[in-house]
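Descriptive analysis of the structure
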Amino acid sequence: MTFTQLFIFFVSIQVIHGLGTWKLYVKAGRQAWEAFIPVYNAVVLMKIINRPWYYTILLFLPIVNLIMFPVIWVETARSFGKNQPLDTFLAIITLGFYSYYLNYFTDVEHVKDRSLHPKSGSGDWVSSILFAIVAATIVHTYVMQPYTIPTSSLEKSLLVGDFLFVSKFHYGARVPMTTIAAPMVHDTIPFIKKKSYLYDDVLEEKNTSWINKLSLPYMRIPGLQKIKRNDIVVFNWPIDTSYSMSVPRPDRNYNKPIDKKTNYVKRCVGLPGDSLSVRDGYVFINGKQNELPDRAKLQFSYLVKTKNNQDFNLQYLHDRYGMNPNRVGKVDQDVYKFMGIYKGDLEKFKNNPKVDQIIPVKEEEGKRNSGIFPHDPNYNWNNDYFGDLYIPEEGKTVDLNLNVLPLYKRIITEYENNTLQVKGNQIFVNGALATSYTFKQDYYWLMGDNRHDSQDSRTWGFVPFDHVVGKPVFIWFSVDSDGIGLKNKIRWDRLFTTVGGSGERVSYLIPFIILLLGWFGYGKWKKRKEANS
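Residues numbered from 1 in each chain as written. Predicted model: local features only at pLDDT ≥ 70, side-chain atom pairs only at ≥ 80, totals over all residues. Heavy atoms only, no water.

1. Describing the packing of helix H1 (residues 3-27) against helix H6 (residues 98-105)
Definition in use: An axis is simply a line fitted to the C-alpha atoms; with a helix, the fit covers only the stretch in contact. Between two such axes, the angle follows the N-to-C directions and lies from 0 to 180 degrees. Only DSSP runs of H or I covering at least 4 residues are called helices, and only runs of E covering at least 2 are called strands; the numbering of each starts at the N terminus. For classification purposes, angles smaller than 35 degrees are called roughly parallel, those larger than 145 roughly antiparallel, those between 65 and 115 roughly perpendicular, and all remaining angles oblique. In this scheme the handedness of a crossing depends on how the near helix is turned from the far one: anticlockwise by less than a right angle means left-handed, clockwise means right-handed. The contact definition used throughout considers only heavy atoms, calling two residues in contact when any of these lie within 4.5 Å. Charged residues are taken to be Asp, Glu, Lys and Arg, nonpolar residues to be Ala, Val, Leu, Ile, Met, Phe, Trp, Tyr, Cys and Pro, and polar residues to be all remaining types, Gly included.
Where H1 meets H6, the closest approach of the two axes is 7 Å, and the angle between their N-to-C directions is 40°. Between H1 and H6, the interaxial angle falls into the category oblique. Between H1 and H6 the crossing geometry is left-handed. Residues Ile16, Leu19, Gly20, Thr21, Trp22, Lys23 and Leu24 of H1 touch H6, and the partners they reach there are Ser99, Tyr100, Leu102, Asn103 and Tyr104. Here the contact of H1 with H6 is built from residues that sort into seven nonpolar, four polar and one charged.

The following block contains the structure:
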């Protein structure tokens, strides 16, 4: 849906609302024209149904409004004496058009100063549940989202099994583009394993479904800061074409909305306008090696030859050196491959009595890896030797020719929705001959610290800003699946620690428990005091 289409849709809804409620407004002591004025009509309606003014805001928040609209439909009927279960059913099942029946075919009276307290315990329970769902949806969508680290690409900074809170407001909360979706879940509804949103997503069909036209254009609330170099960022995987995270369908591709693509987390090493290259596995920005924060630990892969064909005890490696047993594999009688070892840990490991020789695993400069961006035979790039390439910045222009086209083709066609044709040595964008191209948004380069065990921008290329979800800020829980026993299963030193910052992590678990107990104690003291007064 374009902004023009969104405006027409918005005005249409106001007209439909006005035609279906103007007599009800009059019976409530208001003017008929007040039912037709956008936004103002909602403010007046909240007074009519004796609800707080801020309900108006909730009606215009995508996803949240899916919960609020049925509430308003029911409350409108009850404000005119229609309190029976059948009235509630009809208000919801007709998607609010029950108000047309009340408006034109009944002689209802407005119930002024109607009590808002539920008349039964079940009604009170339903009201509490609805309030909790609305509040949680607002927080999840616009403020803070829980996230779990699924892979080891940021090992040492973030571990597999870390449970995070991801801030939406640091970079600006993105308004949901998929308007018809289940609240507080991503692309799949838990347990039933069904798609959580309404969208015609099969790529084989032309994407003109009326369902897709209900999607909102990209909008973002202004953030507190811009993405900084070396920030850890959660984003939607740009090339996701799977049915869902939990139910992959390798037999066909799907066109997923941006906000329903799989969530990934990587470190932003390249900003818009940067020139980036990788040399011997190390990132260089504008010719200078990128310096990571002290909590970030680069890891590389090594072949380890043992003395006298001895075997390693993988559990011992985990307990003694913190190595993930799932990333240690035997490749020969006396040779193991270790995926992702930090240099500091490597120095300790060299002293292991079973170790005979440690050999770095690196790809050769100039040897092409076909799985590496831009997946073109003219670019002999690999994981360890990559670039130079320019990271696009909004409003900046690059010369466009057949040599650089592989780098920016996906941006031009997929991310910025242009048509592109190549005829001989000439490039046509939207049917016009193009010798240059101006970018419409910022792009970022995101990589994992585990350089040989990370699917990142070296694989799929640039990450558009409209795919950015938020910034991880807090680790509230952490589980080590390879630990034995409760003591080793939970990483106690990581509970309630910050993601950013420098130096050793500090756990705020004890202060949190003290604060929580104090809050509960104050609540009980206050109730006791009120009871005695």
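The rest of the description comes next.
2. Some words on the side chain of Thr106
Heads up, the condition is: In this scheme, a residue with accessible area under 20% of its type's maximum is buried, one over 50% is exposed, and one in between is partly exposed, where area comes from a 1.4 Å probe on protein chains only. Counted as a polar contact is a pair of N or O atoms within 3.5 Å, where, for protein atoms, one must be capable of donating a hydrogen and the other of accepting one, and residues adjacent in sequence contribute only when both atoms are in side chains.
For Thr106, the location among the structural elements is in the loop between H6 and helix H7 (121-142). Judged by its relative accessible area of 15%, Thr106 falls in the buried class. A distance of 2.7 Å separates the side chain of Thr106 from the backbone oxygen of Leu102, its partner in a polar contact. What Thr106 contacts, discounting residues up to four positions off in sequence, is Lys27 and Tyr101.

3. Some words on the sheet that holds strand E13 (residues 355-360)
Where we set the bar: Strands qualify as paired when DSSP identifies two bridges or more between them.
Strand order in the open sheet formed by four strands is E11-E12-E10-E13, and the pairing between neighbours is antiparallel. One side of each edge strand has no neighbouring strand; the edge strands of this open sheet are strand E11 (328-330) and E13. Direction aside, the axes of adjacent strands within the sheet are offset by 25° on average. Relative to E13, strand E10 (residues 299-306) runs antiparallel, the two being bridged by five bridges. Bridge pairing links Thr306 to Val355 in E13.

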